[in-house]
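One-letter residues, chain by chain:
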Amino acid sequence: MRSVYEPSGAIQAHVLQDVLRQHGIASHVQGEHLQGAIGELPAGNLVRLLVADGDFAAARRAVEEWERATPMDEEDLARLDRSAMATAAAAPPPATVAGTAQAPPVPASRDRSERSDQGDQGGHSSYIGGLLLAMVIGTAIALLAWVFL
């Protein structure tokens, strides 16, 4: 794996990871939990975005495209929001066959439990575990500094 970008923090790394995902490129954020050990202060190049060697050129182009993009201002966002709402309002309701009943929507809480039953490894539990580890390391460093200084 090769480092395609060194973001300023974990949030930017995950934004770029999503950009790469939209381009069909798998990536891995390395070092995001190390940043938590020292807080949200910039501490150098702890966080890196890694891609497979074969995807490096395409990932680099996607990152460069993202860097060149201009952010939308509030007027653009409001215009897009109004456009999306108008499109949704103009869309015809889903067709139903006479005499048949539609299935009720799946409640969000049930949907989440089903996903966790399917063995969704990683996710929030590994993130929380990483945060706990970072807090323990940070506390140990602070105690050592207090004792020896």
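Since the structure is predicted, the reported quantities are computational estimates derived from the model, not experimental observations.

Cut-off values and rules
- Residues numbered from 1 in each chain as written.
- Predicted model: local features only at pLDDT ≥ 70, side-chain atom pairs only at ≥ 80, totals over all residues.
- Heavy atoms only, no water.
- pLDDT = per-residue confidence, 0-100.
- Helix = DSSP H or I, 4+ residues; strand = E, 2+ residues; numbered from the N terminus.
- Buried < 20%, exposed > 50% of the residue type's maximum accessible area, 1.4 Å probe, protein only.
- Contact = heavy atoms within 4.5 Å.
- Salt bridge = Lys/Arg side-chain N within 4 Å of Asp/Glu carboxyl O.
- Expected span 1.5 Å × (residues − 1).
- Arc of directions from axis to C-beta.
- Patch = residues over 30% accessible without salt bridge, like charges linked within 9 Å, V, L, I, M, F, W, Y side chains within 5 Å.
- Areas by Shrake-Rupley, 256 points an atom, 1.4 Å probe, with all protein chains shown as cover.

The next point concerns the confidence of the model for the chain. Chain-level pLDDT for the chain is 75 on average; 66% of the residues reach the 70-or-more range. Confidence, expressed as mean pLDDT per element, reaches its minimum in the chain at helix α5 (residues 108–117) with 44 and its maximum at helix α3 (residues 56–68) with 93.

In this fold, Ile25 is placed in the loop between α1 (10–22) and β2 (27–30). Classification of Ile25 by relative accessible area gives buried; the value is 7%. For the pair formed by Ile25 and Val51, sequence separation is 26 residues and the distance between their alpha carbons is 7.7 Å. Aside from chain neighbours lying at most four places away, what touches Ile25 is Leu20, Val51, Asp55, Ala58 and Ala59.

Attention now goes to the pattern of salt bridges. Any two side chains of opposite charge can pair, so long as their charged atoms come close to each other. Tallied over the entire structure, the rule returns 4 salt bridges. Of the charged contacts, one joins Glu64 and Arg60 as a salt bridge, the two residues approaching to 3.4 Å between their closest N and O atoms. You can see Glu64 and its partner Arg60 sitting in helix α3, 4 residues apart, about one turn around the helix. For Glu64, a relative accessible area of 32% corresponds to the partly exposed category. Under the relative-accessibility criterion, Arg60 is labelled partly exposed at 24%. Between Arg60 and Glu67 there is a salt bridge, with the nearest N and O atoms lying 4.0 Å from each other. Via salt bridges that share partners, Arg60, Glu64 and Glu67 belong to a single interconnected network.

A word on α3. In this model, α3 (13 residues) spans 18 Å end to end at C-alpha, consistent with the 18 Å of a helix rising 1.5 Å per residue. Among the residues of α3, those classed as buried are Phe56, Ala59, Ala62 and Val63. Relative to the axis of α3, the buried residues are bounded by an arc of 125° and lie together on one face. In this structure, α3 carries Arg61 and Arg68 as exposed residues pointing more than 90 degrees from its buried face. Where the residues of α3 are buried, they touch β1 (2–5), α1 and β3 (48–51).

Side chains of Leu143, Leu144, Trp146, Val147 and Phe148 sit close together on the surface and give an oily, nonpolar patch of about 650 Å² of accessible area. Relative to the helices and strands, Leu144 resides in helix α6 (residues 123–148).

Here α1 contains 13 residues, and its C-alpha end-to-end distance of 18 Å stays within 8% of the 18 Å for a straight helix at 1.5 Å per residue. Ala10, Ala13, Leu16, Gln17, Val19 and Leu20 are the residues of α1 that are buried. Gly24 occupies a position one or two residues after α1 and carries a positive phi of about 80°.

Before going further, it helps to spend a moment on the side chain of Ser27. Its place among the elements puts Ser27 in strand β2. Using a relative accessible area of 18% as the deciding quantity, one classes Ser27 as buried. Look past the residues within four positions of Ser27 in its chain and what remains in contact with it is Gln17, Leu20, Leu49, Leu50 and Val51.

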